[in-house]
Structure formats: C-alpha cells, structure tokens
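Chains, contacts and geometry: an overview
Listed here are the chains, written in short residue letters.
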Amino acid sequence: MMFHKAFFVAPIFFLLAACSSPGPMQMQPGPINTPAFEPIALDLVKDESHKILFKEQYVTMYENDTRESLLGGTFFITENGAYLAYWNTQTFQYSITYKIQANEITKISDHTVVRKYLPNSDLVVITDKDNRDIGFGINKRNAAKYSLEKIMTRNQ
C-alpha cells in the first residue's frame, strides 16, 4: 500500500520541481533558444532583415586582444548586420553593445589570443571601414564566418 502512494506522489514532486526552475527569460542569455528570439532580435535591430542567419550565446568581444566584458553576450547575424547583445533579466530586454551593418564590413578573419595562464581564445575578427578590428570568441566559427561573408558580399 505504501508503494502505491509513493508511485502517485513522485510524479507530482517532479512536476513541482520542474516548474520552480528558472525559465529562459530569467537566465543570462535570455530567450535565444526559444521561438521568441527571432522576432525580439529583429525588432531590436530594425535593420530591415527578415531572419536571423546565425546566433550563439556566451560570446565574448575583444578589441586589440583585450576582452571587453567578463560575461559573454548573445551574438547574432541578420541579413543586414551583426550584433552583440546582453539580456537584462530584470527588464526582459536585450541591449546592444556592438553592431555593424553589412555594408560597413571590409574583412572577416581568424585570430588567436595567446595567454600564459588561461586557455587561448580563437576569434572571428570583423574589420570595418575605419580599419577597426573587433574579435568575437565564437564556438561555431566557420558557421559565423560563412554568414558574415555571405552578408558582406551581398551588401557591397
């Protein structure tokens, strides 16, 4: 008889535990892995794009081999630009910290930041018309480079 009670109580316990875990809106990367991400991101950037070509969370930005922030943001590429944004778990909004329009990109390259004590960082580097190089620590580098090159050549 005791086994039957435990059999019915256990699923209720797991259901309640699952409901108490934070959802994507309360997590640092925000809703990147939900269907809501694309309309939110496109409305944020307002660059006349209709879709997101690439996205990755926990991406760090580097300028002159110096990491710009301790926390990684959400890096995404639209049909007309590339962006790095941070999700605010209090306001449930992204704020853009880096943006570049496709027609401002002059070169896409790779670079490795060599460190003495920490692991090296492999970056995708975007060079703009002002010859400024901004690197991004992206795990799916080839996919990001392909998307950047695609929008760069289409918008020149």
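For the structure given in this document, a descriptive report is provided here.

Definitions and limits used
Residues numbered from 1 in each chain as written. Predicted model: local features only at pLDDT ≥ 70, side-chain atom pairs only at ≥ 80, totals over all residues. Heavy atoms only, no water. Core = buried A, V, L, I, M, F, W, Y, C linked by side-chain atoms within 4.5 Å. Buried < 20%, exposed > 50% of the residue type's maximum accessible area, 1.4 Å probe, protein only. Helix = DSSP H or I, 4+ residues; strand = E, 2+ residues; numbered from the N terminus. Contact = heavy atoms within 4.5 Å. Salt bridge = Lys/Arg side-chain N within 4 Å of Asp/Glu carboxyl O. Phe/Tyr/Trp six-rings, centres within 6.5 Å; stacked < 30°, edge-to-face > 60°. Pairing = 2+ DSSP bridges.

1. A word on the nonpolar core
Ranked by size, the top nonpolar core spans 22 residues in total, and within it Phe75, Ile126, Phe136 and Leu148 carry the most contacts. Among the elements of the structure, strand 1 (52-63), strand 3 (73-78), strand 4 (81-88), strand 5 (93-101), strand 6 (105-113), strand 7 (121-128), strand 8 (133-137) and helix 3 (141-154) are those that each provide at least two residues to this core. Looking at this core, the element that brings in the most residues is helix 3, giving 4 residues. For Phe75, the contacting residues outside a window of four places in its chain are Phe54, Lys55, Glu56, Val59, Ala82, Tyr83, Leu84, Ile126, Phe136 and Ile138.

2. A word on the pattern of salt bridges
Throughout the structure, instances matching the rule amount to 3 salt bridges. Salt-bridge contacts for Lys46 lead to Asp43; the nearest nitrogen and oxygen are separated by 3.2 Å. With its nearest N and O atoms 3.2 Å apart, the salt bridge here joins Arg132 to Glu63. Placement of Arg132 in the loop between strand 7 and strand 8 and of Glu63 in strand 1 is noted, with a sequence separation of 69 residues between them.

3. Details of unusual backbone geometry
In this structure, Lys46 takes a positive phi of about 45 degrees despite not being glycine. For Lys46, the position within the fold is in the loop between helix 2 (37-45) and strand 1. The class for Lys46 is exposed, based on a relative accessible area of 60%. Its identity is not glycine, yet Tyr58 carries a phi of approximately 60 degrees, on the positive side.

4. Quick word on the packing of aromatic side chains
The tally for this structure, following the rule as stated, stands at 7 aromatic pairs. Measuring from centroid to centroid gives 6.4 Å for Phe54 and Phe75, while their planes differ by 65 degrees, and the two rings are edge-to-face. Pair noted here: Phe54 is in strand 1 and Phe75 is in strand 3, with a separation of 21 residues, a long-range link. Phe75 sits in the buried class, given a relative accessible area of 0%. Taking 4.7 Å as the distance between ring centres and 40 degrees as the angle between the ring planes, the aromatic pair formed by Phe75 and Phe136 counts as tilted. Here the residue Phe75 occupies a position in strand 3, and Phe136 occupies one in strand 8, the gap between them amounting to 61 residues. Of the two residues, Phe75 and Phe136, neither departs from the other in class, the shared state being buried. In this structure an aromatic cluster arises from ring pairing among Phe37, Phe76, Tyr83, Trp87 and Tyr94.

5. Quick notes on the pairing of strand 1
Alignment of strand 1 against strand 3, held across 5 bridges, turns out to be antiparallel. When the bridges of strand 3 are listed, Val59 appears paired with Gly73. By the bridge criterion, 4 bridges tie strand 1 to strand 8 in an arrangement that is antiparallel. Bridging across to strand 8, Glu63 finds its partner in Ile134. Where strand 1 hands over to strand 2 (residues 66-67), the hairpin turn is made up of 2 residues, of which Asn64 adopts a positive phi near 55 degrees.

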